[in-house]
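Listed below, chain by chain, are the residues.
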Amino acid sequence: MKIKLAGKAHREGTSAKTGRNYNINIIHYLASVRGVEGQAAQTATLDGVEYPYETLSIGAEYVIDYDAGGHLVDFAPAPKAQGTPGNGR
């Protein structure tokens, strides 16, 4: 689904529970959700190495997809709209 990035946060450190290092980016966006009139605020967690914080642009459009289990399978910038034929471009 296509989303517009509304906010972002970076988290990095060592888990107190597991002792493992983490480097994640949390993105915020609005989406249609069953049972919600209008749109609901949603978040997704992205790997901080695969999706560097500085490359995530607030206000930009992205495509985000989940598998049947609700796990993130794809996150990428949305393709740019092409000019319509006959508009002189």
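Everything that follows concerns the structure shown earlier in this document.
Residues numbered from 1 in each chain as written. Predicted model: local features only at pLDDT ≥ 70, side-chain atom pairs only at ≥ 80, totals over all residues. Heavy atoms only, no water.

Novice: How do you make sense of the packing of aromatic side chains when you look at a structure like this?
Specialist: One pair of aromatic rings is described through two measures. These are the centre distance and the angle between the planes. In total, this model carries two aromatic pairs according to the counting rule given. For the pair Tyr 51 and Phe 75, a centre-to-centre distance of 5.5 Å together with 90° between the ring planes defines the contact as edge-to-face. You can see Tyr 51 sitting in the loop between strand S3 (40-47) and strand S4 (61-66) and its partner Phe 75 sitting in strand S5 (residues 72-77), a full 24 residues away along the chain. Its relative accessible area of 16% is what places Tyr 51 among the buried residues. Note on Phe 75: relative accessible area 5%, which makes it buried. Ring centres of Tyr 62 and Phe 75 lie 4.8 Å apart, and the angle between their planes is 15°; on these two criteria the pair is classed as stacked. Here the residue Tyr 62 occupies a position in strand S4, and Phe 75 occupies one in strand S5, the gap between them amounting to 13 residues. This pair shows no difference in class: Tyr 62 is buried, exactly as Phe 75 is. Counting every residue linked through ring pairs, the aromatic cluster contains Tyr 51, Tyr 62 and Phe 75. Across the ring face of Tyr 53, the terminal group of Lys 8 is positioned such that the distance to the ring centre comes to 4.1 Å. (Phe/Tyr/Trp six-rings, centres within 6.5 Å; stacked < 30°, edge-to-face > 60°. Helix = DSSP H or I, 4+ residues; strand = E, 2+ residues; numbered from the N terminus. Buried < 20%, exposed > 50% of the residue type's maximum accessible area, 1.4 Å probe, protein only. Lys NZ or Arg CZ within 6 Å of the ring centre and 35° of its normal.)

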